[in-house]
Amino acid sequence: MGIQDIIEGKKQWRAHLARVKALPPDYQIVYQEMQRYLFKVGPIDLVEGNLLSGIVDFFEEGAASGRGVLEVTGTDVAAFCDDLIKDSRTYAEIYQESAGR
Amino acid sequence: MEDLTEMLKGTLEGCVLEIIGREETYGYAITRRLNDLGFADVVDGTVYTILLRLERNGLVQVTKRPSEVGPPRKFYALNDAGRAELATFWTKWQYVSSRIDTLKEGGA
Amino acid sequence: MKFWETITGNDLTREWKVFEARAQALPADYQAAWGQIVSHLFPYGSFTGRNLTPIADAALGLLEEASADGQSVHDVLGDDIAGFSAALAGGAGARTYRDRWREQLNRNVARKLARLGD
């Protein structure tokens, strides 16, 4: 899991995890599953943008308003993830393009 | 009405631009506005991904403001590029809806 | 043609031999597009090529009809052959890894949130 290695060990990553841990349990569950999915799909936003911290911002707002996590994301969490990375190319795509050349 | 997701794709972004264009506002308020309008299936997540795209494409001005509950909220207002995009959206919408009406009325 | 070997191993199935013969009857630009469609479809198929057969058949049929009508291949497929292939494969119910991950994600969320409620 190369991406995680790069991020991990950095202070930023630890601070990020602390914010995740401060979320209500239902938000934590959905965050963890989303992160797992996003690491597999591998959008370049994951390292070049602030995709994950943006999700935590969004979740903090939702939690503060007292709503459940699925009210905020919708029940199709995968569709929410795909929407988030719609404009971001994935490492798999970049690989395929270079291999196809 | 429900089950509009597929049909709304591509037009929701324009709706969000319109709402932001009326006055500076934040994500949850935009969702509520769309729900009240009758788009019951729209959730915050949908609006969040749209706002993210608008921000990335430089169409909005974002300001963080403190909130009575929880963390600071991101407020969104249109900038010049956003207003131009909104005008384009309504032009396109006008075109598409007039063509579809023509089709429905059995015209050319 | 290298991608034929990739798809089928060296063991060309009868259907695929028929497809190849049909493809060779097409104009050159259509043949090139067909080659691209097949290479884009491949990731969606199983390694036996089994799932691919009906999809490829449908795509080839479309190309045959369109070329008989005298349309240019660009008119038929546009610029995004990858997207066209993905849509074809999806329409025929072929599943990609990403689809599996998607289902996994939603299943895990549902299961873990339900457990939380206990």
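Each chain has its residues counted from 1, following the order in which its sequence is written. As they are written, the chains are lettered A onward and the ligands numbered 1 onward, keeping that order. Where totals are concerned, whole chains, interfaces and linings use all residues; where local detail is concerned, this predicted model gives features only for residues with pLDDT of at least 70, and gives and counts side-chain atom pairs only at 80 or more. Hydrogen atoms and water are omitted, and side-chain values are computed over all heavy atoms in the structure.

Undergrad: So what's going on with the packing of helix H2 (residues 12-22) of chain B against helix H4 (residues 44-56) of chain B? Residues and values would help.
TA: All names here are of chain B. Here, axes are lines fitted to C-alpha atoms. For helices the fit covers the stretch in contact, and angles between N-to-C directions go from 0 to 180 degrees. Labels follow the DSSP assignment, with helices taken as runs of H or I lasting at least four residues and strands as runs of E lasting at least two, numbered in each case from the N terminus. With their axes 10 Å apart at the nearest point, H2 and H4 run at an angle of 75 degrees to one another. The angle between H2 and H4 falls in the class roughly perpendicular. Packed against H2, whose contacting residues are Leu-12, Glu-13, Val-16, Leu-17 and Ile-20, the element H4 presents Thr-46, Ile-50, Leu-51, Arg-53 and Leu-54 at the interface. Angular relationships are summarised with four words: roughly parallel below 35 degrees, roughly antiparallel beyond 145, roughly perpendicular across 65 to 115, and oblique for the angles in between. We call two residues in contact when some of their heavy atoms are within 4.5 Å.

Undergrad: How would you summarise the interface of chain A and chain B if you had to cite specific residues and measurements?
TA: In this assembly, 17 residues from chain A lie in contact with 15 residues from chain B. Interface area for chain A against chain B, summed over the two sides, is near 1,400 Å², with a carbon-plus-sulfur share of 55%. Accessible surface is computed with a 1.4 Å probe, and the buried area is the amount of it that two parts give up when combined, taken over both parts together. The largest share of the area that chain A buries against chain B comes from Glu-61, Arg-67 and Asp-87 of chain A, three residues that together contribute 32% of it. Salt-bridge detection follows one rule: a side-chain nitrogen of Lys or Arg within 4 Å of a carboxyl oxygen of Asp or Glu. Applying the counting criterion to the chain A and chain B interface returns one salt bridge. Within 3.5 Å is the distance limit for a polar contact, defined as a pair of N or O atoms, with the added protein rule that one can donate a hydrogen and the other accept it, and that residues adjacent in sequence qualify only through two side-chain atoms. Connecting chain A to chain B are four residue pairs in polar contact (both at pLDDT 80 or more). Looking at the side of chain A that touches chain B, the elements with two or more residues in it are helix H5 (51-64), helix H6 (69-73) and helix H7 (77-84) of chain A. Among the elements that line the side of chain A that touches chain B, the one with the most residues is H5 of chain A, at six residues. The residue classification treats Ala, Val, Leu, Ile, Met, Phe, Trp, Tyr, Cys and Pro as nonpolar and Asp, Glu, Lys and Arg as charged. All others, Gly included, are polar. Its residues assigned to classes, the side of chain A that touches chain B shows six nonpolar, three polar and eight charged.

Undergrad: Residues and numbers for the confidence of the model for chain C, please.
TA: Residues and elements named next belong to chain C. Taken as a whole, chain C shows an average pLDDT of 75; of its residues, 70% reach a score of 70 or greater. Each residue carries a pLDDT score, the predictor's own confidence in it, on a scale running from 0 to 100. Mean pLDDT across the elements of chain C bottoms out in helix H1 (residues 2-8) (48) and peaks in helix H3 (residues 28-41) (87). pLDDT under 50 marks residues 1-6. Its contacts with residues more than four places away, or in other chains, come to 10 contacts.

Undergrad: Explain the layout of surface pockets to me, and be specific about the residues and the numbers.
TA: The computed volume of the second largest pocket comes to approximately 810 Å³. Listed by contribution, the elements that provide at least two residues to the lining of the second largest pocket are H7 of chain A together with helix H1 (5-8), H2 and H4 of chain B. In terms of residue class, the lining of the second largest pocket is made up of 12 nonpolar, eight polar and 10 charged. Grid points spaced at 1 Å and placed over the protein atoms alone form the basis of the search, with a cavity being a set where a 1.4 Å probe fits but cannot get out and a pocket an open set showing protein on both sides within 12 Å along at least five of seven lines. Lining residues have an atom within 4 Å of a point. Grid points are joined across faces, edges and corners, and a volume is the space filled by probe spheres set on the points.

Undergrad: Can you explain H2 of chain B? Please cite residues and give values.
TA: Think of it in three bands: residues with accessible area under 20% of the maximum for their type are buried, residues over 50% are exposed, and the middle band is partly exposed, with areas taken using a 1.4 Å probe on protein chains only. With respect to burial, H2 of chain B is a largely interior element, eight of its 11 residues being buried. Taken as a whole, H2 of chain B has its buried residues at Leu-12, Gly-14, Cys-15, Val-16, Leu-17, Glu-18, Ile-19 and Ile-20 of chain B.

Undergrad: Describe in detail the nonpolar core, supporting the description with residues and values.
TA: Core analysis: the biggest nonpolar cluster contains 32 residues, and Val-30, Met-34, Leu-38, Ile-55, Phe-59 and Leu-84 of chain A have the highest contact counts within it. If you list the elements that add at least two residues to this core, you get helix H2 (11-21), helix H3 (25-41), H5, H6 and H7 of chain A, H4 of chain B together with helix H7 (97-117) of chain C. Those residues in contact with Val-30 of chain A, other than ones at most four positions away along the chain, are Phe-59, Val-69, Leu-70 and Val-77 of chain A together with Val-109 and Leu-113 of chain C. Each nonpolar core is a collection of buried residues, namely Ala, Val, Leu, Ile, Met, Phe, Trp, Tyr and Cys, held together in the definition by side-chain atoms within 4.5 Å. Of all hydrophobic cores here, the second largest spans 21 residues; its members include Leu-17, Leu-51, Val-60 and Leu-86 of chain B.

Undergrad: Please give an account of H3 of chain A that cites residues and values.
TA: In an α-helix there are 3.6 residues to a turn, and that puts residues three or four apart on one side. Residue and element names in this part refer to chain A. Working rule for helices: expected span equals 1.5 Å times residues minus one. An ideal rise of 1.5 Å per residue puts 24 Å on 17 residues; H3 measures up with 25 Å between its terminal C-alpha atoms. Within H3, 12 of the 17 residues are buried, which leaves it mostly tucked inside the rest of the structure. Looking at H3, one finds that the buried residues are Asp-26, Tyr-27, Ile-29, Val-30, Tyr-31, Glu-33, Met-34, Gln-35, Tyr-37, Leu-38, Phe-39 and Val-41. Trailing H3 by a residue or two, Gly-42 shows a phi angle of about 70 degrees, which is positive.

Undergrad: Please provide a residue-by-residue account of the pattern of salt bridges, values included.
TA: Oppositely charged side chains can form a pair if their charged atoms are brought close together. With the rule as written, the count across this model stands at 13 salt bridges over all chains. Here Glu-33 of chain A makes a salt bridge to Arg-36 of chain A, at a shortest N to O gap of 3.5 Å. Within this pair, Glu-33 of chain A and its partner Arg-36 of chain A are both found in helix H3, separated by three residues, close to a single helical turn. Residue Glu-33 of chain A is classed as buried on the basis of its relative accessible area of 3%. A salt bridge links Arg-22 of chain C to Glu-64 of chain C, with the shortest nitrogen-to-oxygen separation between them at 2.8 Å. A residue pair is termed long-range when its members are at least 10 positions apart, and Arg-22 of chain C in helix H2 (residues 14-24) and Glu-64 of chain C in helix H4 (residues 52-68) qualify at 42 residues. By relative accessible area, which is 22% here, Arg-22 of chain C ends up partly exposed. Judged by its relative accessible area of 27%, Glu-64 of chain C is partly exposed. If you follow the salt bridges from partner to partner, you end up with Arg-19, Asp-57 and Glu-60 of chain A in one network.

Undergrad: Account for empty space enclosed by the protein, with residues named and values stated.
TA: Under the definition given, this model contains three cavities of 30 Å³ or more. For the largest cavity, the calculated volume is near 70 Å³. Considering the residues around the largest cavity, the lining is formed by Glu-61, Ala-64, Ser-65 and Arg-67 of chain A together with Tyr-28, Ser-67, Val-69, Gly-70, Pro-71 and Arg-73 of chain B. Here the residues of the lining of the largest cavity sort into four nonpolar, three polar and three charged.

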